[in-house]
Amino acid sequence: MKQLLTHTLIGAGLSLAMLAPAQAQNPTPNDWLCTGKVGGTWTHGRAPSACDGSAFGPDSFVRGNYAPLIFNDALNGTPERKRYMQELYATMREATSRYLLLRKPDAGAEEMASFQRGVFALLRQESFWSHYRDAQLAAGQPYALKSMRGDSGHGHGMMQLDDRYHFVPVGQGKGWNLMQNFSYSIEIFYDGWKKAPVSCLGGATSGDAEYWRGRSRSAWSAYNGGPTRICRWQNPADANVGKDNGYRDNYDNRLWLTDVADLTKATPIDVACLMDNGSQCPLPTSGGLEPGKLLKVGASACVLVGNDIECVDDMRDAACLGARASFDASQAVTVYGYEINGRKRIDHNRHQLCRAGVDGLQALGSAIKTSADLELRASIDGAVTATLPAGTYQVLDFELRSPQTQARYYRVRHGAVDGWIAAGDRNSHAAIASNATPLAAGTFAYPGEWVAVATTSNLNRRATPGGTLVDSLPNGTKLQVKELFVTASANNLYYLVEQNGKAGWIFAGNLYPASTLPNWVVPTTPPAVVTRHAHCPPGTRYDIQLRHCASASSAYGPFTAAATEQCAANGGGAACTALRGVVVDGRALQLQVWSKAQAGNARGNGDCPRGAERSAAHRFHCVEPVLRNGVAEKDVYGPFGTTLVNACLAGQANAAFCLGNRWPASAFLALLP
Amino acid sequence: MSPRKFWTTCCLAAAAIAATASPAQASLVDRGNGMIYDTVSNLTWLKNADSQGLMTWDVAVSWADQLSHGGFSDWRLPGVSPVNGLSLNLAYSEDGSTDGGINQTGLNSELGHLFYTSLGNQAATGVTQSGPFEALQNYVYWTGTESPYDPEEALHFFTIFGEQGSSLKVNEYHAMAVRVGDVPEPATLMLLLLGLGAVALTSRRGKTGEQA
């Protein structure tokens, strides 16, 4: 929509923005203030382009005021589309009615119905009724709030307010705020509706259906092409005839109705307030933002940590926040985003936060050994469905229930039965379930196992999980899993894979609430020529809980400097730094070798070993900054696959470190393709 | 060969043997027939320190158990007994106070004693002294002692680092065979026999000389 608004609406009860006089086109760049751009489909609510809305206003405002009008991609499908359209239709029906009655109190029923129909057709023509959407930037990424953007990013929202012609209003949020988007833009449509000259109504007279149809078509031509093009729709030779005919078809066929079941249902939002007051509309009442409380912000669980607010993306992981602050977990206080806008917000990955703060909590995908038969329940609080015999199982999910006791639960699979076990608390967990070496293939791949691409289209391989694209892999490609990384409450699973000498991360599906893994990759047999995901001593394997090579009883270094210090602080004595003889690939090396318990205590329970963090600059490996001989260096931790190890041995004069789990960062970076 | 020449040869040979053994290796006596006797530990070792190449622990144990050499069938892998006399402690030490680490020079570690005490090697330099042994590898050897901590592991001795510890049994290391006690020494026997023969010959010659 390009037309400049040349007058200010002063309607009873309406307080629309003061609009600028006619102005020249603003040379706004394509995708101005468009971050986190996502695609979509030409279906109701999911137009093919949307960007983060937060550049124009707080997500919290949207979630607080427009929650029912957010299309949820996570529920993508017909039911969600129909739900969304039902709510938005009710809202637009009320909004158009309210607008017209304010603008023209004597508008008759026939005009009202025709005006509404004309607006509904506009919504269909401009944006497929798309405005707010929770969408993923890429498969496996968290769902984030997006606002519809069309026309190379210039068109904002369901009414497609164009920032090249309405730059100031768009900057004021009139593209982003749904009801302001409507209130501002409907003025332009109404202007055309009001001014449609008899000359372009094809001779239709008032009261005739064709007359109202003509006014709608005129209003839309002006809306789309500017006030001078109000009769454009009558010219079959006009370059925009396709658009005009498209609007006509929408108007004639009322295609939006296919997704609306109840034409009389009430709107779920406060239309009047949001139309009249815009961003000044009162926000929902909060439970109070106070330290020591568990805060519910949208779907997230949060706590105050000093002046910051720290969150996990789902309330089920609230207990994990106990590592960040003390709080009363018995009741969650709802807080709206506007209350925390001035604070720094830190969103934690549950798989890092929960592990780091909970001693002995086993990583998703790792193997645990249970020491006795346990009850297997359908859900944590559900009925017992089976007895889980003592044995070794893969962790498919975890939950922590109390920040104080750290009572923990694991989801495991026993035969065809999937369920949850209670795995003790901070005092008892070690005697119930502990880290183990896998004895058989898991429900999904352990490092070293092979998978094949199962997606019909190519599967993207990226430098980091969800990061820069490296290449894409066709269906059926065999890949060895070197490592895995998991994000978010949906347990989005990423595999580090190596193929054709290149390493990168692929998305492998999510595990919660239901597994989508088979849609992405499936287990397969190794190819004839097998490379190794990690070069470990014989009989050991790379352990994703420890992120070191390990046997049933021992873990093999080198360990991080911080872990080594912690080992000493734990009373580990000379063994902490002692270099023990170890053979890797037939070569005698000297490495730290600790008992698994000693390693577990010293390395901490974080995603990376103590002192190290994931580094995007190092292909998402764990990296520890160290000071060696007064020089600041970085150590990169494995696993390093055969391709890298061979390149290292060739390029580093057969250096012993090439066969270890720790490389100098400079050597690692030099070897990356 | 004249008796004088014989004795000269014998004496030179004995001197040559004595000259090749360093003071640390004085306890190691080549008994011939591919066997080395350690007079301090009272152990006899197979002279060829790598007759079978690399083996997993199970294979190495089986090989030693089934070995028949020099008329003996009581061969085994070298063992480790607790330095404290009670139980194995594989914690790392550098003074031999535990059963793990370096400088396991005592008789409780048969390989350690051989490496450090009998052969005179050092942890920092690995195998520099092989003594009378053939093909002593600067790598890692199995002991016959299982780990007290993990049934999947057994004790090893890294000759390259002089380090005793434990490894998973699936590793492939070298193995030496050893047995308790001495063995008859062919050379000694031969010298004895020759000596007796010489005495007899001298005695007889004296008599005949008188006759001549």
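All chains use their own residue numbering, which begins from 1 and follows the written sequence. Starting at A for chains and at 1 for ligands, labels are handed out in the order in which the entities are written. The model is predicted, so local features are restricted to residues of pLDDT at least 70 and side-chain atom pairs to those at 80 or more, both for listing and for counting; the totals for chains, interfaces and linings are taken over all residues.

Regarding the overall build of chain A
To qualify as a helix, a DSSP run of H or I must reach at least 4 residues; to qualify as a strand, a run of E must reach at least 2; elements of each kind are numbered from the N terminus. Helices and strands together make up the secondary structure of chain A, namely 14 helices and 36 strands. With C-beta atoms placed from the backbone, a residue is labelled by how many other C-beta atoms lie within 10 Å of its own: buried for 20 or more, exposed for 12 or fewer, partly exposed between the two. Buried positions account for 50% of the 673 residues belonging to chain A.

Topic: the overall build of chain B
Along the backbone of chain B there are 4 helices and 9 strands. A residue pair is marked as a contact if its C-beta atoms, positioned from the backbone, fall within 7 Å. Contacts in chain B between residues at least 24 apart in sequence constitute 57% of all its contacts with a sequence separation of at least 6.

Some details on the sheet that holds strand E35 (residues 631-637) of chain A
Residue and element names in this part refer to chain A. The antiparallel open sheet is built from 4 strands, whose spatial order is E33-E34-E35-E36. Lying at the two open borders of the sheet, with one neighbouring strand each, are strand E33 (613-615) and strand E36 (662-664). The mean angle between the axes of side-by-side strands here comes to 45 degrees, regardless of whether they run parallel or antiparallel. Paired strands, in this sense, are two strands between which DSSP finds at least two bridges. Alignment of strand E34 (residues 621-628) against E35, held across 6 bridges, turns out to be antiparallel. Axis definition: a line fit to C-alpha positions, over the contact stretch in the case of helices; interaxial angles, taken between N-to-C directions, run 0 to 180 degrees.

A few points about the pairing of strand E31 (residues 587-591) of chain A
Along a regular strand, successive side chains alternate from one face of the sheet to the other. Residues and elements named next belong to chain A. As judged from the 5 bridges shared by strand E30 (residues 580-584) and E31, these two strands associate in the antiparallel manner. Note on E31: the bridge partner recorded for valine 584 is arginine 587. Between the end of E30 and the start of E31, which pair antiparallel, lie 2 residues, with aspartate 585 showing a positive phi angle near 55 degrees.

Describing the sheet that holds strand E25 (residues 502-510) of chain A
Residue and element names in this part refer to chain A. A sheet is described by the order of its strands in space; here 7 strands give the open sequence E22-E21-E25-E24-E23-E20-E26, paired in antiparallel fashion. In the strand order of this sheet, the two ends are held by strand E22 (469-473) and strand E26 (521-523), each with one partner. Between one strand axis and the next, the sheet turns by 45 degrees as a mean value, whatever way the strands run. In the sheet, strand E20 (residues 450-453) pairs with strand E23 (residues 478-487) via 3 bridges, with the strands oriented antiparallel.

Examining the interface of chain B and chain A
Facing the 18 residues of chain B at the interface are 14 residues of chain A. Only Asp, Glu, Lys and Arg are considered charged, only Ala, Val, Leu, Ile, Met, Phe, Trp, Tyr, Cys and Pro nonpolar, and every remaining residue, Gly among them, polar. Residue composition of the side of chain B that touches chain A, grouped by class: 10 nonpolar, 5 polar and 3 charged.

Concerning the nonpolar core
Remark: nonpolar core denotes a set of buried Ala, Val, Leu, Ile, Met, Phe, Trp, Tyr and Cys residues whose joining runs through C-beta atoms within 7 Å. Tyr556 of chain A together with Tyr141, Trp142, Ala175 and Met176 of chain B are the most contacted members of the largest nonpolar core, which has 77 residues in total. Ignoring sequence-local partners within four residues, the contact set of tryptophan 142 of chain B consists of Trp57, Ala60, Leu77, Ala154, His156, Tyr173 and Ala175 of chain B. Judged by nonpolar contacts, the second largest core, of 68 residues, contains Cys354, Ala423, Val497 and Trp505 of chain A.

Describing the environment of serine 428 of chain A
All names here are of chain A. Along the polypeptide, serine 428 turns up in the loop between strand E18 (417-422) and helix H10 (429-432). Taking the number of C-beta atoms within 10 Å as the measure of exposure, serine 428 has 14 and is therefore partly exposed. Spatially, the C-alpha atom of serine 428 lies 9.1 Å from that of alanine 407, the residues being 21 residues apart in sequence.

Notes on helix H11 (residues 561-569) of chain A
Residue and element names in this part refer to chain A. Buried within H11 we find Ala563, Thr564, Gln566 and Cys567. The buried residues of H11 occupy an angular sector of 160 degrees when the element is viewed end-on, so they sit on one face. In this structure, the buried side of H11 is in contact with strand E32 (593-595) and helix H12 (596-603). Downstream of H11 by a residue or two, glycine 571 has a phi angle that is positive, lying close to 90 degrees. The arc under discussion is defined with respect to the helix axis, by the directions toward the C-beta atoms.

Points about the packing of helix H4 (residues 167-174) of chain A against helix H5 (residues 178-195) of chain A
Residues and elements named next belong to chain A. At their nearest, the axes of H4 and H5 sit 10 Å apart, and the two run at 150 degrees to each other. Classified by the angle between their axes, H4 and H5 sit roughly antiparallel to one another. For the pair formed by H4 and H5, the contact residues are Pro169, Gly173 and Lys174 on the first element and Gln180, Asn181 and Tyr184 on the second. Of the residues contributing to the contact of H4 with H5, the split by class is 2 nonpolar, 3 polar and 1 charged. Just so you know how the angles are binned, under 35 degrees is roughly parallel, over 145 roughly antiparallel, 65 to 115 roughly perpendicular, and the rest oblique.

Structural notes on H4 of chain A
Residue and element names in this part refer to chain A. All of the buried residues along H4 are Pro169, Val170, Gly173 and Lys174. For H4, the arc enclosing every buried residue in end-on projection is 100 degrees, short of the 170-degree limit, so these residues lie on one face. Of the surrounding elements, those touching the buried residues of H4 are strand E5 (155-156), strand E6 (161-162) and H5.

As for the packing of helix H3 (residues 109-127) of chain A against helix H7 (residues 241-253) of chain A
Residue and element names in this part refer to chain A. At a closest axis distance of 8 Å, the pairing of H3 and H7 adopts a crossing angle of 125 degrees. As judged from the angle between their axes, H3 and H7 are oblique. As for the relative orientation of H3 and H7, their crossing is right-handed in sense. Packed against H3, whose contacting residues are Arg117, Gly118, Ala121, Arg124 and Gln125, the element H7 presents Gly246, Tyr247, Asn250 and Tyr251 at the interface. In this scheme, a crossing is called left-handed if the near helix is turned counterclockwise away from the far one by less than a right angle; it is called right-handed if the turn is clockwise.

Here we look at unusual backbone geometry
All names here are of chain A. The linkage connecting glycine 557 with the following residue, proline 558, adopts the cis geometry, with an omega of 5 degrees. By the element assignment, proline 558 lies in the loop between strand E29 (554-556) and H11. Of the consecutive residues glycine 638 and proline 639, the connecting peptide bond is found in the cis state with omega at 20 degrees. Tracing the sequence through the fold places proline 639 in the loop between E35 and helix H13 (642-651). Backbone geometry places glutamine 160, a non-glycine residue, at a positive phi of 55 degrees. Of note, glutamine 160 is situated in the loop between E5 and E6. Taking the number of C-beta atoms within 10 Å as the measure of exposure, glutamine 160 has 26 and is therefore buried. Even without being glycine, arginine 619 reaches a positive phi, approximately 55 degrees. Summarising the element assignment, arginine 619 is placed in the loop between E33 and E34. Note on arginine 619: 21 C-beta atoms within 10 Å, which makes it buried.

A short note on the confidence of the model for chain A
Looking at chain A as a whole, the pLDDT averages 89, with 94% of positions reaching at least 70. Within the model, the stretch residues 3-23 of chain A combines pLDDT values under 50 with 36 contacts to residues more than four positions away or in other chains. You can read pLDDT as the predictor saying how much it trusts each residue, on a scale of 0 to 100.

Concerning the environment of valine 140 of chain B
Among the structural elements, valine 140 of chain B can be located in strand E6 (residues 140-146). When the C-alpha atoms of valine 140 of chain B and glycine 162 of chain B are compared, they prove to be 9.1 Å apart, with 22 residues separating the residues in sequence. Discounting chain neighbours no more than four positions away, the residues touching valine 140 of chain B are Gly581, Val583 and Ala588 of chain A together with His156, Phe157, Phe158, Thr159, Ile160, Tyr173 and His174 of chain B.

Focus on the environment of leucine 479 of chain A
All names here are of chain A. Looking at where leucine 479 falls in the secondary structure, it is placed in strand E23. C-alpha of leucine 479 to C-alpha of alanine 452: the two residues are 27 residues apart in sequence and 6.0 Å apart in space. The residues contacting leucine 479, other than those within four sequence positions of it, are Trp450, Val451, Val497 and Gln499.

Section: the confidence of the model for chain B
Averaged over all residues, the pLDDT of chain B equals 84, while 75% of them reach at least 70. pLDDT under 50 marks residues 206-212 of chain B. Its contacts with residues more than four places away, or in other chains, come to 0 contacts.

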